[in-house]
Amino acid sequence: MQLKTGWYHLIALMIAIVWGTTFVSTKILLIAGLSPEDIMFYRFVLAYMGILLGGKSQLFAKSMKDEGLFLLLGIFGGSLYFITENQAVKMTLASNVSLLVSIAPVLTAILSHFFLKNERLRRSLVIGSFIAFVGVVFVVFNGSFVLEMNPWGDLLSIAAAFCWAFYTILLKRVSHRYSILFITRKVFFYGILTILPFFYLNPLTMDTAILFRPEVWINLLFLGLIASLACYFLWNLCVKHLGAIYTTNYIYIIPLVTLITSSLIINENITTIALFGAFLILTGVSLAEKGERFVR
């Protein structure tokens, strides 16, 4: 049974909250000795195993063209996205990454305007996106206005944002012709398949002394079963019912959650400017999706 539109907005918000905590989990795993490729591989294997328990479904798409689209979804939403994002977290500040990856909604809106016939750049969306992005800047800077730059890490963050924008657009093209369960399973499968060549250069970490450490397996389970399996399935569902632009706009919430999580775990201070940024984010997201209520 299809839910009311408001429920999909709430689900998208909850996903953004979960994904906002993944930067901290990824940082913990990198410090523990796992590589960016290790983290992506293990989280997707766990997610794929979990989705297989949900029952069997068709193995292949209806056409070779669609199978090719699923391959691209696995690359842009799986292997390439997480390699660029995880490597960026390793090379630069997590706050830098969360800020720069948050340009994905803007990129999605612009690219969707050209690639998707039913996605238009409404005035409320443009203004709301701008307000939310300004809020992201305030939150990430957290009042200090000092951003420690690592050019390669920041470029990888922008690359990750482009990957997610393309993933969302491609997802919209197949979401009305295949079940969400099938789409999610194919994304995990091709994500795992396309990460394997990277292990020729950097072998997969299989050291049990590392993998069995509580902070490692707990964070891997969280990333695999919750942040990947559950959230990918629900995110794909939201894109199907809300559209690529309006769903992706909730990514603006992620830096806010990252800020709060960092404060709770590593005792970083939340300043007045950061709270003002949080207000701008919520205001911007609300304004950006306001027009959607009048066109459905």
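Presented here is a report on the structure given in the accompanying data block. The shown structure was predicted, so the numbers you read here are calculated from the model rather than taken from an experiment. (Residues numbered from 1 in each chain as written. Predicted model: local features only at pLDDT ≥ 70, side-chain atom pairs only at ≥ 80, totals over all residues. Heavy atoms only, no water.)

All right, on to the overall build of the protein chain then. In terms of regular secondary structure, the protein chain is built from 14 helices and 0 strands. Helices and strands in the protein chain line up, N terminus first, as α-α-α-α-α-α-α-α-α-α-α-α-α-α. For the protein chain, the proportion of its 296 residues judged to be buried stands at 54%. Element-wise, carbon and sulfur atoms account for 72% of the exposed surface of the protein chain, whose accessible area totals about 13800 Å². (Helix = DSSP H or I, 4+ residues; strand = E, 2+ residues; numbered from the N terminus. Buried < 20%, exposed > 50% of the residue type's maximum accessible area, 1.4 Å probe, protein only. Areas by Shrake-Rupley, 256 points an atom, 1.4 Å probe, with all protein chains shown as cover.)

This part takes up the packing of helix H3 (residues 36–52) against helix H9 (residues 180–195). Closest axis-to-axis distance for the H3/H9 pair is 9 Å, and the angle between their directions is 145°. Judged by the twist between their axes, the crossing of H3 over H9 is left-handed. Contacts between H3 and H9 involve Glu37, Met40, Phe41, Phe44, Val45, Ala47, Tyr48, Ile51 and Leu52 on the former and, on the latter, Leu181, Thr184, Arg185, Val187, Phe188, Phe189, Gly191, Ile192 and Ile195. Broken down by class, the residue content of the contact of H3 with H9 amounts to 14 nonpolar, 2 polar and 2 charged. (Axes fitted to C-alpha atoms, helices over the stretch in contact; angles between N-to-C directions. Left-handed = near helix turned anticlockwise from the far one by under 90°. Contact = heavy atoms within 4.5 Å. Nonpolar A, V, L, I, M, F, W, Y, C, P; charged D, E, K, R; others polar.)

Under the defined criterion, the tally for this structure stands at 3 salt bridges. Here Arg213 makes a salt bridge to Glu215, at a shortest N to O gap of 2.7 Å. Owing to a relative accessible area of 33%, Arg213 belongs among the partly exposed residues under this scheme. (Salt bridge = Lys/Arg side-chain N within 4 Å of Asp/Glu carboxyl O.)

Another aspect to go through is empty space enclosed by the protein. Going through the model one piece at a time under the given rule, you end up with 1 cavity of 30 Å³ or more. As for the largest cavity, its lining consists of 14 residues, and the residues nearest its centre are Trp19, Thr22, Tyr81, Glu85 and Ile254. The element best represented in the lining of the largest cavity is helix H4 (residues 64–91), accounting for 3 residues. In the lining of the largest cavity, the residues fall into 9 nonpolar, 3 polar and 2 charged. (1 Å grid on protein atoms, 1.4 Å probe; cavity = no way out; pocket = protein on both sides within 12 Å on 5 of 7 lines; lining within 4 Å. Points joined across faces, edges and corners; volume = space filled by probe spheres on them.)

Okay, the nonpolar core next. Ranked by internal contacts, the top residues of the largest apolar core, which has 81 residues, are Trp19, Phe70, Trp164 and Tyr232. The dominant element in this core, judged by the number of residues it contributes, is helix H11 (residues 214–242), at 13 residues. (Core = buried A, V, L, I, M, F, W, Y, C linked by side-chain atoms within 4.5 Å.)

Let us look at a nonpolar patch on the surface. On the surface, a cluster of nonpolar side chains totalling about 420 Å² of accessible area is made up of Trp217, Ile218, Leu221, Leu225 and Ile226. In this fold, Leu225 is placed in helix H11. (Patch = residues over 30% accessible without salt bridge, like charges linked within 9 Å, V, L, I, M, F, W, Y side chains within 5 Å.)

The next subject is the packing of aromatic side chains. Using the criterion set out here, one finds 21 aromatic pairs in the structure. Between Tyr81 and Trp164, the aromatic rings sit 5.1 Å apart at their centres with planes inclined by 50°, giving tilted as the arrangement. With Tyr81 in helix H4 and Trp164 in helix H8 (residues 151–174), this pair connects stretches of sequence that are 83 residues apart. Each member of the pair, Tyr81 as well as Trp164, carries the same accessibility label: buried. Each ring, one from Phe189 and one from Tyr190, has its centre 5.1 Å from the other, and the planes form 70°; the classification is edge-to-face. Residue class for Phe189 comes out partly exposed when judged on its relative accessible area of 35%. Relative accessible area serves as the criterion here: at 11%, Tyr190 is assigned to the buried category. Members of the aromatic cluster, each reached through a chain of ring pairs, are Trp19, Phe44, Tyr81, Phe82, Trp164, Tyr167, Phe188, Tyr232 and Trp235. Cation over ring: Lys62 sits above Tyr178, and NZ or CZ is 5.2 Å from the ring centre. (Phe/Tyr/Trp six-rings, centres within 6.5 Å; stacked < 30°, edge-to-face > 60°. Lys NZ or Arg CZ within 6 Å of the ring centre and 35° of its normal.)

Attention shifts here to H9. Its 16 residues place the ends of H9 23 Å apart at the C-alpha level, agreeing with the 22 Å of an ideal helix rising 1.5 Å per residue. Counting buried positions along H9 gives 13 out of 16 residues, so the element sits mostly inside the fold. (Expected span 1.5 Å × (residues − 1).)

To continue, consider helix H1 (residues 5–20). A rise of 1.5 Å per residue sets the reference length of H1, with its 16 residues, at 22 Å; its end C-alpha atoms lie 23 Å apart and thus fit the reference within 8%. For H1, the full list of buried residues reads Tyr8, His9, Ile11, Ala12, Ile15, Ala16, Trp19 and Gly20.

Looking now at the environment of Ser179. Looking at the secondary structure, you find Ser179 in the loop between H8 and H9. For Ser179, a relative accessible area of 41% corresponds to the partly exposed category. Ser179 sits 58 residues away from Leu237 along the chain, and the two C-alpha atoms are 9.1 Å apart.

As a further point, take the side chain of Ser228. Following the sequence through the fold, Ser228 ends up in helix H11. Judged by relative accessible area, Ser228 falls into the buried class, the value being 0%. Apart from residues lying up to four places away in sequence, Ser228 is in contact with Arg43, Phe44, Ala47, Phe188, Leu223 and Phe233.

Function cannot be read off these values alone, since they describe shape.
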